[in-house]
Amino acid sequence: MKDWIIALLAGGVTGVLSAWGVGGGSLLILFMTGVQGMDQPLSQGINLLYFLPTSLTALVSHLKNRLIDIKLALCAVAAGAVTTALSSLLATGLDTQVVRKIFGAFVVIIGITELFRKCPETRRPDEGTQDTPRE
Amino acid sequence: MLSDKAKSALAGAAAGVVNGFFGAGGGMVLVPLLIGWVKMDQRKAFASSVFIILPLCAVSAAVYLLRTEFDFLRALPYLIGGLAGGFIGGRIFGKVPTKLLHRIFGILLIIGGVRAIAS
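Owing to the predicted nature of the structure, the values given are computational and were not obtained by experimental measurement.

Caption draft 1: Highlighting the interface of chain B and chain A. Opposite the 84 residues of chain B that make contact, chain A presents 100 residues. The contact between chain B and chain A buries some 8,300 Å² in all, and 75% of this surface belongs to carbon and sulfur atoms. Summed over the shared surface of chain B and chain A, the number is 27 residue pairs in polar contact (both at pLDDT 80 or more). Every element with two or more residues in the side of chain B that touches chain A is listed here: helix 1 (4–22), helix 3 (42–67), helix 4 (72–91) and helix 5 (99–118) of chain B.

Caption draft 2: Highlighting the packing of aromatic side chains. In total, this model carries 4 aromatic pairs over all chains according to the counting rule given. Centroid distance A:Phe106 to B:Phe22: 4.2 Å. Interplanar angle 10 degrees. Geometry classified as stacked. Taken as a pair, A:Phe106 in helix 5 (residues 96–116) and B:Phe22 in helix 1 lie in two separate chains rather than in one. Pairing B:Phe70 with B:Phe72 gives two aromatic rings, centres 4.9 Å apart and planes at 70 degrees, and the pair type is edge-to-face. You can call B:Phe70 buried: its relative accessible area is 15%. One aromatic cluster is present, built from ring pairs that chain together A:Phe103, A:Phe106, B:Phe21 and B:Phe22.

Caption draft 3: Representation of a nonpolar patch on the surface in the model. Taken together, the side chains of A:Met1, A:Trp4, A:Ile5, A:Leu9, B:Leu76 and B:Ile80 present a nonpolar region at the surface, about 620 Å² in accessible area. Mapped by element, the contributors of at least two residues to the nonpolar patch are helix 1 (2–19) of chain A together with helix 4 of chain B. Considering each element in turn, the nonpolar patch owes the most residues, 3 residues, to helix 1 of chain A. Relative to the assigned elements, A:Met1 resides in the segment before helix 1.

Caption draft 4: Summary view of the confidence of the model for chain B. With 98% of its residues at a pLDDT of 70 or more, chain B shows a mean pLDDT of 91. This prediction of the complex comes with two scores: 0.86 for pTM and 0.89 for ipTM.

Caption draft 5: Just the nonpolar core, in detail. Core analysis: the biggest nonpolar cluster contains 58 residues, and A:Met32, A:Ile46, B:Leu30, B:Leu34, B:Ile52, B:Tyr78 and B:Leu109 have the highest contact counts within it. For this core, the leading source of residues is helix 3 of chain B, giving 11 residues. With residues up to four places along the chain from it excluded, the contact list for B:Ile52 reads A:Ala73, A:Ala76, A:Val77, B:Leu30 and B:Leu34.

Parameters at a glance
Position numbers for residues count from 1 along each chain, tracking the sequence in the order it is written. The naming scheme follows written order: chains are lettered A onward, ligands numbered 1 onward. Per-residue local features are limited, in this predicted model, to residues with pLDDT of at least 70; the limit for side-chain atom pairs, both in listing and counting, is 80 or more; totals at the level of whole chains, interfaces and linings are taken over all residues. Excluded from the side-chain calculations are hydrogens and water; all other atoms, namely the structure's heavy atoms, are used. The contact definition used throughout considers only heavy atoms, calling two residues in contact when any of these lie within 4.5 Å. Buried area is understood as the total, over both parts, of accessible area removed when two parts are fitted together, assessed with a 1.4 Å probe. Here a polar contact means two N or O atoms within 3.5 Å. Within protein one must be a hydrogen donor candidate and the other an acceptor candidate, and residues neighboring in sequence count only if both atoms are side-chain atoms. Labels follow the DSSP assignment, with helices taken as runs of H or I lasting at least four residues and strands as runs of E lasting at least two, numbered in each case from the N terminus. Pairing of aromatic side chains requires ring centres within 6.5 Å, counting the rings of Phe and Tyr and the six-membered ring of Trp. Pairs whose planes differ by under 30 degrees are stacked, by over 60 edge-to-face, and all others tilted. To sort residues, take the accessible area from a 1.4 Å probe on protein chains only and compare it with the maximum for the residue type: under 20% means buried, over 50% means exposed, and anything in between is partly exposed. Nonpolar side chains (Val, Leu, Ile, Met, Phe, Trp, Tyr) within 5 Å and like charges within 9 Å form the patches, drawn only from residues with over 30% relative accessible area and no salt bridge. Computed with the Shrake-Rupley method and a 1.4 Å probe, the accessible areas treat only the protein chains shown as cover for residues. Put simply, a salt bridge is a Lys or Arg side-chain nitrogen that is within 4 Å of an Asp or Glu carboxyl oxygen. Per residue, pLDDT captures the predictor's confidence, and it can take any value from 0 to 100. Joining through side-chain atoms within 4.5 Å is the link that ties buried Ala, Val, Leu, Ile, Met, Phe, Trp, Tyr and Cys residues into a set, and such a set is a nonpolar core.

So, in structure tokens, the structure goes:
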């Protein structure tokens, strides 16, 4: 039960971060593997699954606000669907410890860029009222 | 010179590689590429990246579910917590200074990443 509540809270906190455009997913994966001792593919699978309903709600408001460049986005989806299928196959076929170490290197790089990035650029345009466009 | 469509396709391909391999981080690759390379307006880039990443996550999630031993019971609290957190975060978006959060986030990633490499 205690583990269940901790998991619920960890999901909640990283969910809030994700909604603010602070990549909560990679942090959640680190928590699941590093603190909870879950294996890398399970943690990654959970994060992927979790993104589906969460982003669907955000997408509805973006579509309403006509914020999506559909033509260009569909080009990206077509190419990305192929590469993501291949890289998922690769990641689930490799030794989990190897994937974990590569993931570690990836998040260290992301962490360094987060330390030095200019913050106004990271705001996610949401319902659009509080957010002032830069130009 | 590549057309915008070709550039967008390449950006999507790069995001797909990251998204599938790490199960996260596709947006972190995609958004800067859409803004800096495809020259998409910033707000559109964020919104379009959600539109792009969603189907990529669906494809990757299917592969992960089929090829790994997926434990739904262990996944459940994270999924419930994440949904609640995302909803709350969306409501109070823009009312919280995110600059400090990004710095803390960066430090946590570096610590966690180093631990993962050393594991």
